[in-house]
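Residue-level structure breakdown
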Amino acid sequence: LAESWEISDDGLVYTFHLNPDARFHDGEPVTAEDVVFSFDSVLDETSLSVRRSDLLQVVDSYRAVDDHTFEMTAKDTFATTLIKSAKLVAIVPKHIWEPIPFADWGSAPGSTGSDPAQVVGSGPFKFSEWVENDHVSIVRNDDYFVPEMVPTIDTFTLRVTPEASSALQTLITGETDIAEVPTPQVETLQEGNPELT
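This report concerns the structure included in the present document. Predicted, not measured: the structure shown is a model, and the values here were computed from it.

Thresholds, definitions, all that
Residues numbered from 1 in each chain as written. Predicted model: local features only at pLDDT ≥ 70, side-chain atom pairs only at ≥ 80, totals over all residues. Heavy atoms only, no water. Pairing = 2+ DSSP bridges. Helix = DSSP H or I, 4+ residues; strand = E, 2+ residues; numbered from the N terminus. Axes fitted to C-alpha atoms, helices over the stretch in contact; angles between N-to-C directions. Polar contact = N/O pair within 3.5 Å; in protein donor to acceptor, adjacent residues only side chain to side chain. Contact = heavy atoms within 4.5 Å.

Before going further, it helps to spend a moment on the sheet that holds strand 6 (residues 135–140). Pairing is antiparallel across the open sheet formed by three strands, whose spatial order is 5-6-7. Two strands bound the open sheet, and with one partner strand each, they are strand 5 (125–131) and strand 7 (155–159). The average angle at which neighbouring strand axes cross in this sheet is 20°, direction not considered. Looking at chain direction, strand 6 and strand 7 are connected through five bridges and run antiparallel. Following the sheet pairing, His-135 is matched in strand 7 by Arg-159.

Here the focus is the environment of Thr-173. Considering the arrangement of structural elements, one finds Thr-173 in helix 5 (residues 164–173). Once the C-alpha coordinates of Thr-173 and Tyr-14 are considered, the two residues, 159 residues apart in sequence, prove to be 50 Å apart. Looking at Thr-173, its side chain comes within polar contact range of the main-chain oxygen of Thr-170, at 3.2 Å.

With that out of the way, let us pick up the pairing of strand 3 (residues 59–66). In this structure, strand 3 lies alongside strand 4 (residues 69–74), joined through six bridges in antiparallel fashion. Looking across to strand 4, one finds that Ala-64 is bridged to Phe-70.

A few words on the side chain of Ser-122. Within the element layout of this structure, Ser-122 appears in the loop between helix 4 (109–112) and strand 5. Ser-122 has contacts with Leu-1, Arg-23, Phe-24, His-25, Val-30, Tyr-144 and Phe-145, leaving out every residue within four places of it along the chain.

Without other data, these values stay purely geometric and don't point to any function.
Now the structure itself:
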């Protein structure tokens, strides 16, 4: 989302310039207020985020300078400041999530997938559906704000296959394109199926 950024001479102030063309999947612009709200959601005392402790270690303050500029001040000059702050915070649309208390985010319809209108991001793929214990599907975002990064595939489905042997069988038969293969089985699988990489 940031098309450029600067770090102050003292290494404490990070200024991010958001891509002015960035849009959420519902067409609303991504703004610095969304970034502030996303940081708030992680740092709130009622937050369910596992990233809260990392941010508390390194972030002193943050603010929206204007619609497309976000400024974050670190507590000290840590080598891990970006890894433990901006890299960890997923930017969510304030206009969708603000009415929901942070403590309720885990059970909100947007978190469970039961309300696809709340499952809104800004990336090259959009949420399509989630069938619990079966699969999650995402589809290409043809309106992605970085045209050269629009995916070449139409749909990506992550299927839940509880047993490793079943997952490997779907790979062998071509039902799936990708499967996690236990290391001890890689060589045997490749010997019997040379077309697999």
